[in-house]
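# Fold and geometry: a report
Below, each chain spelled out in residue letters.
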Amino acid sequence: MMRVMFQLNGKPVEVEVEPRMHLADCLRDELRQTGTHLGCEHGVCGACTVIVDGAAVRSCLMLAVQAEGCTVVTVEGLSTDDALTPLQTAFRKHHALQCGFCTPGMLTTAHALLTEEPDADADRIRSALSGNLCRCTGYIPIVEAVLEARAAYQKTDKP
Amino acid sequence: MKPAPFEYQAPATLREAIDLLVSDPEATVIAGGQSLIPVLAFRLAAPSMLVDLRRVPGLGNIAVGESGVRLGARVRWRDIEHDRRLATAHPLLREAIAHVAHYQIRNRGTVGGSLAHADPAAELPGIAVTCDAEITLVGAAGARTIRAGEFFTGPLSTVRQADEIITELHLPFWPEHRRWAFQEFAQRQGDFAVAGIALFYDQDRYSRVRDPHVGVIGACNRPQRLRKVEVLLNGRAVDEDLIREAAAAAAQTIDPPEDFHAGVAYRRALVATLVERSLRTAAQARGS
């Protein structure tokens, strides 16, 4: 067992894990943050996407021990209170989810993308979300929701 | 989908990392883990120890200069995408890297990991071979530099020894007016390439092809150059006849694998089409 410390959704966490435990299992089973979903566990479905040091990554393709000293944001960390974020509001408005299994990965991926690229166009959004599988929506409402949410990510210091 | 148990070390220096590899012949190296972790999850490999390079200094740089482009082993696909210098310093690299997997994987996958994993369908090994790049490895016996064409020996196989760590990929200087193209076919964006062609050449003052390099991925058991096609192209102007001849020669030259995605005949036809598209794309002058 190894001790790992990192920032999770703004708070320092410390956890004992086996080296072989991936970050998703660590988040879900050890830290009880079950918003991160696990679909395939080998880097194909995108459901387990979390944001590590500002970049969207697959938490099934990262060992928990590799998160030492990192800043990790999960879907639980996107909103700080009961209110939905503008991205989540757009998902609701556009019916960008049905069963909801892929939604945490869609939200974290789109949040990381729009934080870095608030002007991403539909092609860029489709490209970034191409690693996230959804079996319900047909993707069109997801892309529409992310397009609408762009307004909330515009940098205010822009002229 | 849980890996077999292993020990984990994150040494602070390259020396310590090599010492760990020497101490345990069943140990292996991890950087981004985007190829290795699926291999571990499927238990296709069960190393006794993972030596993580995340704390090792000096492996994350992209250097652009008169000798070409030097990519540290821990440079991520995202770093290549974000480095604006590479638009002119190596447009072929930039174009090829845009085809690597998906957004989340590009945020973590690394240069050294892709080279070490040596998937025959992977883009970077194909670019390295096509461009006559050099790969630097450091091991217990010291550093050595190997030409990419001699580095890959087969599917998931290289000449890297168990105690060696890839530190750098050096792509030779890319002149301004070079003609180039990268064409890949996959069933969906981000999927493994069924086949891909990387191609570049310079031109003499009569617009004839000089020093062509043509490389193939996916339709082969390791990335390789298509020498017969290069010989055919050299010294001639790119016209419809040459495009047809080159496409046919490429299809004949390769020895494609048969798998779930495509048979031999399909891959030959695909490679012919990709060579044709590449030559047409390269023949159109473009800004970088």
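Reading the values: the criteria
Residues numbered from 1 in each chain as written. Chains lettered and ligands numbered in written order. Predicted model: local features only at pLDDT ≥ 70, side-chain atom pairs only at ≥ 80, totals over all residues. Domains from an automatic or database assignment. Contact = placed C-beta atoms within 7 Å. Helix = DSSP H or I, 4+ residues; strand = E, 2+ residues; numbered from the N terminus. Nonpolar A, V, L, I, M, F, W, Y, C, P; charged D, E, K, R; others polar. Pairing = 2+ DSSP bridges. Axes fitted to C-alpha atoms, helices over the stretch in contact; angles between N-to-C directions. Buried ≥ 20, exposed ≤ 12 C-beta atoms within 10 Å, placed from the backbone. Core = buried A, V, L, I, M, F, W, Y, C linked by C-beta atoms within 7 Å.

Below, the discussion takes up the domain arrangement of chain A. Residue and element names in this part refer to chain A. With domains assigned, chain A is organised as domain 1 (2-76) and domain 2 (86-153). Taken over C-alpha atoms, the centre of domain 1 sits 21 Å from the centre of domain 2. Between domain 1 and domain 2, the contact holds 15 residues from the first and 12 residues from the second. In terms of residue count, strand β3 (residues 49-52) provides more of the side of domain 1 that touches domain 2 than any other element does, 3 residues in total. Residues of the side of domain 1 that touches domain 2, tallied by class, amount to 8 nonpolar, 7 polar and no charged.

Now for the sheet that holds strand β3 (residues 49-52) of chain B. Residues and elements named next belong to chain B. Read across the sheet, 3 strands follow the order β1-β3-β2 without closing on themselves; strand pairing throughout is parallel. Each having just a single partner strand, β1 (7-9) and β2 (27-30) make up the two edges of the open sheet. Direction aside, neighbouring strands of the sheet carry axes that sit 25° apart on average.

What follows deals with unusual backbone geometry. Phi at E41(A) is positive, roughly 60°, even though this residue is not glycine. For E41(A), the position within the fold is in the loop between α1 (23-30) and β3. Given 21 C-beta atoms within a 10 Å radius, E41(A) is considered buried. Notably, A101(B) is not glycine yet its phi reads approximately 45°, a positive angle. You can see A101(B) is positioned in the loop between α5 (91-97) and α6 (103-106).

Bringing the nonpolar core into the picture now. Of all hydrophobic cores here, the largest spans 135 residues; its most connected members are A128(B), A250(B), V271(B) and V275(B). Discounting residues that sit within four places of it in the chain, A128(B) has contacts with L115(B), A133(B), I135(B), A148(B) and L169(B).

The next point concerns the interface of chain A and chain B. Of the residues lining the interface, 23 residues belong to chain A; the matching set on chain B comes to 24 residues. Elements represented by at least two residues in the side of chain A that touches chain B include exactly β4 (55-58) and α4 (122-128) of chain A. Per-element tally for the side of chain A that touches chain B: the top contributor is β4(A), with 4 residues. A per-class count over the side of chain A that touches chain B returns 10 nonpolar, 9 polar and 4 charged.

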